[in-house]
Every structure is written in C-alpha cells, then in structure tokens.
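Tertiary structure, described
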Amino acid sequence: MNNVEKTTPFHPPGPRANDYAGRVGEADGRARMESMEGNFLGLADVDGPGDVAILPVPYELTTSYGEGTVDGPQACIAASSQVELYDPLLPEDLPAGFRLHTAPAWDGEGDSLAEQLANVEAYLSDYLDGSCFPIVLGGEHGLLPAEMRALRAHPDIGGDLGRLTLVQIDAHADLRDEMNGERASHACAARRALDEGVGGIIQIGVRAVSREEALFLAEDGRVECFPARDLLSTCSGERDWNLLQARLSDIVGPVWLTLDIDGLDGRLVPNTGTPVPGGLHYWQAVELIEALFANPACQVLGTDVVEIVPGKEGPLTEFTAAMLATKVIAAHLANLLEQKEQSEVET
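In this report, the structure presented in the accompanying data block is examined. This is a predicted model, so every value here is computed, not measured. (Residues numbered from 1 in each chain as written. Predicted model: local features only at pLDDT ≥ 70, side-chain atom pairs only at ≥ 80, totals over all residues. Heavy atoms only, no water.)

1. Comments concerning the pattern of salt bridges
Applied cut-off: The term salt bridge refers to a pairing of a side-chain nitrogen on Lys or Arg with a carboxyl oxygen on Asp or Glu at a separation within 4 Å. Think of it in three bands: residues with accessible area under 20% of the maximum for their type are buried, residues over 50% are exposed, and the middle band is partly exposed, with areas taken using a 1.4 Å probe on protein chains only.
Considering all chains together, one arrives at 15 salt bridges under this definition. With its nearest N and O atoms 3.0 Å apart, the salt bridge here joins D240 to R239. Overall, the relative accessible area of 10% leaves D240 in the buried class. For R239, a relative accessible area of 53% corresponds to the exposed category. Overlapping salt bridges bring together D177, R183, R191, R192, D195 and E212 as one network.

What follows is the structure, encoded as structure tokens:
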C-alpha cells in the first residue's frame, strides 16, 4: 500500500466552515423538509422581500425565433428544487441563515408592448430599490430596459444610471436600433439600456452580430466586447480569458449582471429561444460570476437570468439556468457574511 495522499475532486468549504461543524447537510434536510412547492430551491418562503428576492417575469412579446420564454421562469423554479444547497463559498447550506423570498410572478397585464414594459417596471420597482438582492427570471431579454428604469431608485444609483456598469453574458450583442420595425425588441435590449443612460457595458461570449452591431461596437466607447471566438481560441484563448478576468477585477461602482443563457454553448441550453454554437462552458460562467463578486470595489446590485425556455425532451436548459442563479445567490450571501464578520471585528 502506497502513501499517496487521498485527494478529492471537489474544492473544500471555505475557512468559515470550521465554525459550523456538523451543520452542513443538516440545513439541507431541515430546509427541504419545510419546502413549499413553487419556491426557488424548494425552500420555505418568507414574508416581504427577504435578503434575496426571486422575481419571475414571464414576459414574451418580441421573440424572433424560438418561443416559450413565457414559461421559462416557472420551469426554472421547478428545476431549482433539484439543485444542491451546498456551495463551497458558504459555511452552511443555502439559505445559510438568510431569507429567500420567491415573489408572485408578474401578472402580464397590458394591452400593448409599451404598457406591458411599464407594468414590468412597476412590478420590479418594489424590489430593485435596494431593499433586497433581486434575481429576475425571464422571460425574454427585452425586459432589460424596464429593469434599468426600475433600478434608478436604488440608493447606489441615485437616479443616475451613468454610474452603472452592465455586465452582459450573451450570444448576441443586442445592439440593433430596431428589429422588424420594433425598437423595444429583445434584439435591441442593450442599445435601449444605453439610451436609458447606462454608463457602460461589458459584453461576454458574443458570437452572433449584425453588420450594424459590429459598426456600433467599433465606434461606441461605452461598450467593451469579449467575443466567444477570442475567449475560446485554441491559440490565444487563455490570454483573452485572463484579460477578461482582469477587466472584471477593475470595475468600480454599481454593477448589474444580465445573463442571457444563450451566452452558454447551445449544448447546455438547447431549448433557449436562439441557441448558438460555440458559447461559454458552464464552469466559465461560474468563474465569471465568482470573479465579479470577488471584486471588492464593485457592488453587484442584482441579476437577471433570461431567455429560459423549458425543454420538451428534458430539463437541461432550465436546470442550467437554476444552477447559475443559485451560484449568484451563494456569491452574494458569501459577501454579506464577510461584511458581517468585518463589522463585528470593527465593533
């Protein structure tokens, strides 16, 4: 018998886990025993916005290819009941002593596209005001401008979206001025966010652009693009990936993460509205989320996970979306725990 040290393929829990010996696993059992159908991760709900609010927005009016995003939020919530509650960033299983609230879904009211977007804004305004950490589940990406308008009330924005950096994981640039005559199309979401006053956009994983969008990217300094082709290049991919990680580490100020799941490779999200080959791997998306939340100079105000379409032949698309949303929750709560510990040390 040799003396080779036993290894594990999993990263061990963080240093705080030693303070909670024996509690990992117990929390999972307690939480799931109290679970309620229709709540994210199958966890018991809380009254009010909670520390984290899951906001289902089944908005779908301008899809241009595959349809079904209207059913995406509910499918994602259903799939989330099968996601593990353990994350190595946290000393306890989710919810790790915090409160998660799954809000009632947006009601879809409105007789026109403009009215529906106004109602989306009104629905989100109760949660994007800094009272909690919001995670919006969509629904098509066309809801992004409504999110930006609602976000103006956040105290870190103070009415000035010029302070905000939008980090966009997406297969598409979404920078068209119009699509089929509609300026509120999901294909124009990032362009309209800029029109709302967003200070800058960092796009990641883009690989399907029009000539109009390519010219816009070349000429408008508010948008930085890290195309999938560069990040996944067999020759220079590592260099470009490191450049992207460094850029995320350089962000200062408020951030909104908008995660169109078609930014991932189509094999991972085969049922999203417009799947595109050659996208990010799952673990790359995880690394990006963790890098963003690890930057102490930026404040991630919230996230959306959009273009979720339930699969007819299997739940991979909605399950992938649920796992990414869960990673965002864990990264945010890990930051809250660190801030709490620092506050206790200072006092």
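That shown, we press on.
2. A closer look at empty space enclosed by the protein
We count it as follows: Only protein atoms enter the 1 Å grid used here. Points where a 1.4 Å probe fits but cannot escape make up a cavity, open sets with protein on both sides within 12 Å along at least five of seven lines make up a pocket, and a residue lines them when an atom lies within 4 Å of a point. Grid points are joined across faces, edges and corners, and a volume is the space filled by probe spheres set on the points. Each helix is a run of DSSP H or I of at least 4 residues and each strand a run of E of at least 2, with the numbering of both proceeding from the N terminus. Polarity classes work like this: nonpolar for Ala, Val, Leu, Ile, Met, Phe, Trp, Tyr, Cys and Pro, charged for Asp, Glu, Lys and Arg, and polar for all others, with Gly in that last group.
Counting across every chain of the model gives one cavity of 30 Å³ or more. In this structure, the largest cavity occupies an estimated 40 Å³ of space. Every residue lining the largest cavity is listed: V167, I169, I204, L248, L257, L288, I289 and L292. Put simply, the parts of the chain that give the lining of the largest cavity at least two residues each are β4 (165-169) and α9 (282-294). Classifying every residue of the lining of the largest cavity gives eight nonpolar, no polar and no charged.

3. Here we look at the side chain of D87
Selection rule: As used in this structure description, the phrase polar contact means that two N or O atoms lie within 3.5 Å; if the pair is within protein, one of them must be able to donate a hydrogen and the other to accept it, and residues adjacent in sequence are counted only when both atoms belong to side chains. In this analysis, two residues are considered to be in contact whenever any of their non-hydrogen atoms come within 4.5 Å of each other.
Within the secondary structure, D87 is located in the loop between α2 (72-80) and β2 (100-102). Here the side chain of D87 touches K327 through a polar contact of 2.8 Å, side chain to side chain. Other than its neighbours up to four places away in sequence, D87 contacts K327 and A330.

4. What about the sheet that holds β2?
As a reminder, the rule being used: Following DSSP output, two strands are said to pair if at least two bridges run between them. Only the stretch in contact is used when fitting a helix axis, every axis being a line fitted to C-alpha atoms; angles between N-to-C directions are given from 0 to 180 degrees.
Strands sit in the order β2-β1-β3-β8-β7-β4-β5-β6 across an open sheet of eight strands; the sheet is parallel. Every interior strand has two partners, whereas the edge strands, β2 and β6 (223-226), have only one. Pairwise comparison of adjacent strand axes, ignoring direction, gives a mean angle of 20° for this sheet. With three bridges joining them, strand β3 (residues 133-138) and strand β8 (residues 298-306) adopt parallel strand pairing. By the bridge assignment for β8, V136 is matched with D304. Most of the contacts of helix α4 (residues 144-151) go to strand β7 (residues 253-260), to which it runs at about 160°, and overall it touches β3, β4, β7 and β8.

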